[in-house]
Amino acid sequence: MKTIFIVDDNATNLVAARNVLDETYKTYSMPSAEKMFQLLEKITPDLILLDIEMPEMGGFEAIKILKSKPETKDIPVVFLTASHVSEDRLEGLTLGAVDYISKPFVPALLLQRINRNLG
């Protein structure tokens, strides 16, 4: 079973994503990029769902760190975002994200996009 990290500071979003993904994937949800980096020391996921706007460390800063390390640079990152600003999407893709999913997300679309990015 493939593993997905769900990183979002909003507990409702974490629960909603887990409810969609738990039947198909092993999921770990965490409220911050800092917690994600702690868990990455023990577990390497097959994909990371990463919120852009979080306190302390946002998604753009987190993906820069992920892509700079040999052990995490190849993990696909899909941004979860409430932003509809084209520049944000372009920046995320430029930094190495493989996809974007708008919040609030449609459960079937979330599952389809993740399935596509995991091959």
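Just above sits the structure.
Throughout what follows, the structure given in this document is the object of discussion. Quantities reported herein were computed from a predicted structural model and do not represent experimental measurements.

Secondary structure assignment for the chain yields five helices and five strands. Secondary structure elements of the chain occur, N-terminal to C-terminal, as β-α-β-α-β-α-β-α-β-α. Relative to the compact-globule value of 14 Å for 119 residues, the chain shows a C-alpha radius of gyration of 13 Å, a close match. Taken along the three principal axes of its C-alpha coordinates, the chain extends 35 × 30 × 30 Å. Intrachain contacts of the chain at a sequence separation of at least 6 include 55% that bridge at least 24 residues. Accessible area of the chain: about 6,200 Å², with a carbon and sulfur share of 53%.

The next thing to look at is the packing of helix H1 (residues 11–21) against helix H5 (residues 107–117). Two numbers describe how H1 lies on H5: the axes approach to 10 Å, and their chain directions differ by 65°. When the axis of H1 is compared with that of H5, the two are roughly perpendicular. Considering only the axes of H1 and H5, their crossing is right-handed. Residues Ala17, Val20 and Leu21 of H1 form the contact with H5, whose own contacting residues are Pro107, Leu110, Leu111 and Ile114.

What follows covers helix H3 (residues 59–68). Three or more residues of H3 are buried, namely Gly59, Phe60, Ala62, Ile63 and Leu66. Across the axial projection of H3, the buried residues extend over an arc of 155°, all falling on one side.

In the case of a regular strand, side chains alternate between the two sheet surfaces. Counting buried positions along strand S1 (residues 3–7) gives five out of five residues, so the element sits mostly inside the fold. Here S1 pairs with strand S2 (residues 26–30) via five bridges, running parallel. If you follow isoleucine 6 over to S2, its bridge partner there is serine 29. Taken together, the four bridges between S1 and strand S3 (residues 47–51) define a ladder with parallel strand orientation. Pairing of isoleucine 4 across the sheet is with leucine 47, part of S3.

What follows deals with the side chain of threonine 3. Residue position: threonine 3 is located in strand S1. Among residues more than four places away in sequence, those in contact with threonine 3 are Lys26, Tyr28, Ile43, Pro45, Asp46 and Leu47.

With that settled, the discussion passes to helix H2 (residues 33–40). All of the buried residues along H2 are Ala33, Met36, Phe37, Leu39 and Leu40. One face of H2 carries all of its buried residues, which in axial projection span an arc of 165°. In the core, the buried residues of H2 are packed alongside S1, S2, S3 and H3.

Cut-offs and rules
Residues numbered from 1 in each chain as written. Predicted model: local features only at pLDDT ≥ 70, side-chain atom pairs only at ≥ 80, totals over all residues. Heavy atoms only, no water. Helix = DSSP H or I, 4+ residues; strand = E, 2+ residues; numbered from the N terminus. Rg over C-alpha atoms; globule rule 2.2 N^0.38 Å. Contact = heavy atoms within 4.5 Å. Areas by Shrake-Rupley, 256 points an atom, 1.4 Å probe, with all protein chains shown as cover. Axes fitted to C-alpha atoms, helices over the stretch in contact; angles between N-to-C directions. Parallel < 35°, antiparallel > 145°, perpendicular 65-115°, else oblique. Left-handed = near helix turned anticlockwise from the far one by under 90°. Buried < 20%, exposed > 50% of the residue type's maximum accessible area, 1.4 Å probe, protein only. Arc of directions from axis to C-beta. Pairing = 2+ DSSP bridges.

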